[in-house]
There are 2 protein chains.
Amino acid sequence: VSEFEIHPQLLADCHRLGELSLSTLLLNRNAAVPWFILVPHAAQTELCDLAPRDRAALDTEIDAVCALLRREFPAVTKLNVAALGNQVAQLHVHVIGRHAGDPCWPKPVWGNLREERTWGGVDLERLAGAARAAAARGPRP
Amino acid sequence: VSEFEIHPQLLADCHRLGELSLSTLLLNRNAAVPWFILVPHAAQTELCDLAPRDRAALDTEIDAVCALLRREFPAVTKLNVAALGNQVAQLHVHVIGRHAGDPCWPKPVWGNLREERTWGGVDLERLAGAARAAAARGPRP
């Protein structure tokens, strides 16, 4: 049993979709945009401080979430990938699907997403299944 | 001579600091926070679409800019690394040094940086020198 704990603010803001090889995959509860968050199980708080092996694993997981976004949300035309951490220092990477018709295009989502929607249970099941498939698929060739 | 062209909006917003192995290194003209932008010389517009070799080179350059930020701006306590591209589609990665006393902490910089400062010539020379040193240093071991 891992002793790794996800920051309570992230858990409050997100659904927990599943476990990848390095990271827990979260989904922001606001369904106004498809907004995933990867939380690598690592003590470092900056990308550049990760062990090279973890950095490579995280890149692979970012790519897997990008692929998942494109498959599951055909409207998405732009991916936003960001590690900020000004409010929650625990290292976490946002991977967000955007398109010209979304509620805060072209602004970044942080602080600009006025619209609130909730994910349906069917969507959450489907995305958790996609996360399990991504975890099983492993790194890109 | 490379035919690669940096998007005019990025050039309008930034000083051009120098060339790394894959990317041109820019510095946002607003000196209110130390805000670097890497523009990899690649046709893809998403991180996940880069060739694996370019992705690895870009990671190395992100790390080099993070190290440069920590050396040159000791007040910095948090690094923000982000590839958004909603306004300028050309792939570019923001690497920004943040701390609790900066003008828009803890908000992300985009749309929240009300304060305007300009870089002095001495600072620009020093940072261009640091960029040259980073380019010469190459990938981390």
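Residues numbered from 1 in each chain as written. Chains lettered and ligands numbered in written order. Predicted model: local features only at pLDDT ≥ 70, side-chain atom pairs only at ≥ 80, totals over all residues. Heavy atoms only, no water.

Draft legend 1. Here's a closer look at the pattern of salt bridges. A full pass over the atoms with the stated rule returns 18 salt bridges over all chains. Across the pair Asp102(B) and Arg98(B) runs a salt bridge, and its minimum N-O distance is 2.7 Å. In this structure, Asp102(B) and Arg98(B) share a single accessibility class: buried. Two residues, Arg117(B) and Glu115(B), come together in a salt bridge whose shortest N-O distance is 2.6 Å. By relative accessible area, Arg117(B) is classed as partly exposed at 39%. One connected set of salt bridges, linked through shared partners, spans Arg55(A), Asp59(B) and Asp63(B). (Salt bridge = Lys/Arg side-chain N within 4 Å of Asp/Glu carboxyl O. Buried < 20%, exposed > 50% of the residue type's maximum accessible area, 1.4 Å probe, protein only.)

Draft legend 2. Here's a closer look at the relation of the copies chain B and chain A. Once chain B has been moved 0.0 Å along the axis and rotated by 180 degrees, it coincides with chain A to within an RMSD of 0.0 Å. Such a combination of turn and shift is consistent with a two-fold rotation axis. Across chain B, the rotation axis passes nearest the C-alpha of Ala82(B), at a separation of 2.0 Å. Of all interface residues in chain B, 100% are interface residues in chain A too; the two copies therefore contact each other through one and the same surface. (Least-squares fit on C-alpha atoms with pLDDT ≥ 70 in both. Contact = heavy atoms within 4.5 Å.)

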